[in-house]
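# Structural features, examined
Now for the letters of each chain:
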Amino acid sequence: MALAARTRAVLLVVALSVLGLATGGVAQLKNGFYTGKCGTNDVETIVQGLVKARVARDAAIVAQLLRLQFHECAINGCDAGLLVDGPRTEKTAKPNLSVKGYDLIAAIKTELEKRCPGVVSCSDIEILATRDAVALAGGQRYAVRTGRRDRRQSSATDVRLPKEEDTAAQAASYFGSLGFTELDMVVLLGAHTVGVTHCIKIKKTRLYSYGGKPNSTDPNLDPSDAAVYKKFVCPNTASSDNNILYLDTQSSVSRIDNSYYKRLQGRHGVLSVDQNLYANGASTKKHVDNLANNVIDFSSLFPKALIKLSELKVLTGTHGEVRKLGNEMALAARTRAVLLVVALSVLGLATGGVAQLKNGFYTGKCGANDVETIVQGLVKARVSRDAAIVAQLLRLQFHECAVNVRVTILVLAIAS
Ligand code: HEM
């Protein structure tokens, strides 16, 4: 039998709010979103202070944060999905196993939670921290719009990232699918002006088995670089797999500058994907020349490209949540689905049946109060701090009603 209009409306509201999908208007990102929201604290200054202290004792964090932002934002947008611990989350996907910098994001989150609990999202922290790290490494400082919220899902199967041996065309197709132009991509790859890679990323593809041919070396790699790599850094034994190679010259490897592009002109690019930007016939070659020769200005384009990356598919307004801990979602999707069933059953919407019961029985019987909304609010508050209540209520209802067949079937269907 069709549900009454009011029941359907209540059902929809409960479903949407329980599932965290209620819209209430998607607020946009804005500069200074946190101004006045964290007591007397200035959120951006706090983030900057913590990043500065870290960079001072560990310059590698700059590269780690840049890579983290790329791997974060390219997969379902900048939603802190990469931070979540647990089986089969984004973090566990192969390309993310070598991502670092999580500890700094967690430390910043802890500090901000102390000062204003539940206010600053982990996704905003990632973006602010990267911005500060870039500026501390000689990059241009840029304004970051904030107000991102954290996604309630994170799945390893969503992780699709380009490969280190991709051609320029393959990489451009990937970046194109995210809305980036070819120039944007060449500028973003300029992030490889800092940081390191590992021998395993080039041993097979560039040093010892180029094009699948044994003993073949990539002719697009400067021969003296290849000789040094083979002899000293990445000898052809498994034990060298995790040895480190600087992506830029050692003297510039902690500086955000355009030397990466100059290196490509001299065939010193370390990863194939880097050197491929300068391959003969590649449409990206002219961009590399322009960036290397300052015809176009890397220092101003890099922030613009990072801002574009930082605003990919963000959640704002009432979408998602502000996590208490960056690495833990408040509720897994499945728990929320079970919660929905419990909420419905508590509200008496899923049972139906008995003739004397009716929808909205309490309407007008409790002064100006809406009984169902009050119940829903209390259930929601409790679940957000104690997910075990879901199971407890389910069991309670079962023991109370001596098997409510309809709800039980629904729960089993969702949980399966
Ligand atoms: C076609 C696109 C890209 C590919 C195939 C690629 C691939 C890689 C690989 C294989 C590494 C070395 C990982 C390791 O050995 O552990 C790396 C490092 C790095 N990537 Fe990319 N990357 C790409 C784009 C980007 C973008 C867009 C950014 C940032 C905006 C970025 C930032 C970095 C940084 C900073 C490092 C050094 C990390 C560190 O030192 O810890 N990459 N990348």
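All values derive from a computational prediction rather than experimental measurement.

## Looking at the overall build of the protein
- Along its length, the protein carries 17 helices and four strands.
- Look at the contacts in the protein between residues 6 or more apart in sequence, and 79% of them connect residues 24 or more apart.

## Remarks on the site of the ligand
- Around the ligand, the structure places 26 residues, and the nearest of them are Ala63, Ser98, Pro162, Ala191 and Gly195.
- Broken down by secondary-structure element, the contributors of at least two residues to the shell around the ligand are α3 (60-73), α7 (182-189) and β3 (196-198).
- Considering every element that reaches the shell around the ligand, the biggest residue donor is α3, with six residues.
- Here the shell around the ligand spans two domains, since at least three of its residues come from each of domain 2 (32-151) and domain 3 (168-308).

## Looking at α7
- Buried residues dominate α7, accounting for six of its eight residues.
- Among the residues making up α7, those that are buried are Asp184, Met185, Val186, Val187, Leu188 and Leu189.
- Buried residues along α7 sit against α6 (168-177), α11 (272-275), α12 (285-292) and α13 (298-310).

## Re unusual backbone geometry
- Of note in the backbone geometry, Arg88 takes a positive phi value of approximately 60° without being a glycine.
- Tracing the chain through its elements places Arg88 in the loop between α3 and α4 (102-115).
- With phi around 60°, Asn294 is a residue other than glycine that occupies positive phi space.
- As for its placement among the helices and strands, Asn294 is situated in the loop between α12 and α13.

## Describing the UniProt feature "binding site: heme b" (unreviewed entry) in the protein
- Within this structure's numbering, the places UniProt gives as "binding site: heme b" (unreviewed entry) are His192.
- According to the C-beta neighbour criterion, His192 is buried, with 24 such atoms within 10 Å.
- Setting aside its immediate chain neighbours within four residues, His192 contacts Leu247, Asp248, Tyr260 and Asp274.

## So, helix α2 (residues 43-57)
- Taking 1.5 Å as the rise per residue, α2 with 15 residues should run 21 Å; its terminal C-alpha atoms sit 22 Å apart, in good agreement.
- The complete set of buried residues in α2 reads Val43, Glu44, Ile46, Val47, Gln48, Leu50, Val51, Arg54 and Val55.
- Next to the buried residues of α2 lie α3, α4 and α5 (122-136).

## Side note on the packing of α2 against α5
- Between α2 and α5, whose axes approach to 9 Å, the crossing angle comes to 55°. Here α2 lies oblique to α5, going by the angle between them. Helix-helix and strand crossings are classified by hand; for α2 and α5 the assignment is right-handed. Here Glu44, Val47, Gln48, Val51, Lys52 and Val55 of α2 lie close against α5, whose contacting residues are Ile125, Leu128, Ala129, Asp132, Ala133 and Leu136.

## Focus on the nonpolar core
- Ranked by size, the top nonpolar core spans 80 residues in total, and within it Val47, Val62, Ala129 and Ala133 carry the most contacts.
- Among the domains, domain 2 (32-151) and domain 3 (168-308) are the pair contributing at least three residues each to this core.
- Each residue touching Val47, except ones within four places of it in the same chain, is listed here: Ile108, Ile125, Leu128, Ala129 and Asp132.

## Looking at the environment of Arg323
- With respect to the secondary-structure elements, Arg323 resides in the loop between α13 and α14 (333-346).
- Along the sequence, Arg323 and Val119 sit 204 residues apart, while their C-alpha atoms lie 8.8 Å from each other.
- Every residue in contact with Arg323, bar those within four places of it in the chain, is listed here: Ala80, Cys122, Asp150, Glu328, Met329 and Ala330.

## Concerning the packing of α3 against α5
- At a closest axis distance of 9 Å, the pairing of α3 and α5 adopts a crossing angle of 140°. The pairing of α3 with α5 is recorded here as oblique in orientation. Regarding α3 and α5, the two cross each other, and that crossing is left-handed. Taking contact as the criterion, the partners of Ile61, Val62, Leu65, Leu66, Leu68, Gln69 and Glu72 in α3 are, on α5, Glu126, Ile127, Ala129, Thr130, Ala133, Val134 and Leu136.
- The class makeup of the residues in the contact of α3 with α5 is 10 nonpolar, two polar and two charged.

## Description of the environment of Lys313
- Residue placement: Lys313 occurs in the loop between α13 and α14.
- You can call Lys313 partly exposed: it has 14 C-beta atoms within 10 Å.
- Through-space distance from the C-alpha of Lys313 to that of Asp79 is 8.2 Å; in sequence the pair is 234 residues apart.
- Look past the residues within four positions of Lys313 in its chain and what remains in contact with it is Asn76 and Gly77.

## Brief notes about the environment of Asp79
- For Asp79, the location among the structural elements is in the loop between α3 and α4.
- Between the C-alpha atom of Asp79 and that of Leu315, which follows or precedes it by 236 residues, the distance is 6.7 Å.
- For Asp79, the residues in contact, after removing those within four places along its chain, are Ser123, Asp150, Arg151, Leu315 and Gly320.

Cut-offs and rules
Residues numbered from 1 in each chain as written. Predicted model: local features only at pLDDT ≥ 70, side-chain atom pairs only at ≥ 80, totals over all residues. Helix = DSSP H or I, 4+ residues; strand = E, 2+ residues; numbered from the N terminus. Contact = placed C-beta atoms within 7 Å. Near = placed C-beta within 6 Å. Domains from an automatic or database assignment. Buried ≥ 20, exposed ≤ 12 C-beta atoms within 10 Å, placed from the backbone. UniProt positions renumbered as here; feature names shortened; annotations may be inferred. Expected span 1.5 Å × (residues − 1). Axes fitted to C-alpha atoms, helices over the stretch in contact; angles between N-to-C directions. Parallel < 35°, antiparallel > 145°, perpendicular 65-115°, else oblique. Left-handed = near helix turned anticlockwise from the far one by under 90°. Core = buried A, V, L, I, M, F, W, Y, C linked by C-beta atoms within 7 Å. Nonpolar A, V, L, I, M, F, W, Y, C, P; charged D, E, K, R; others polar.

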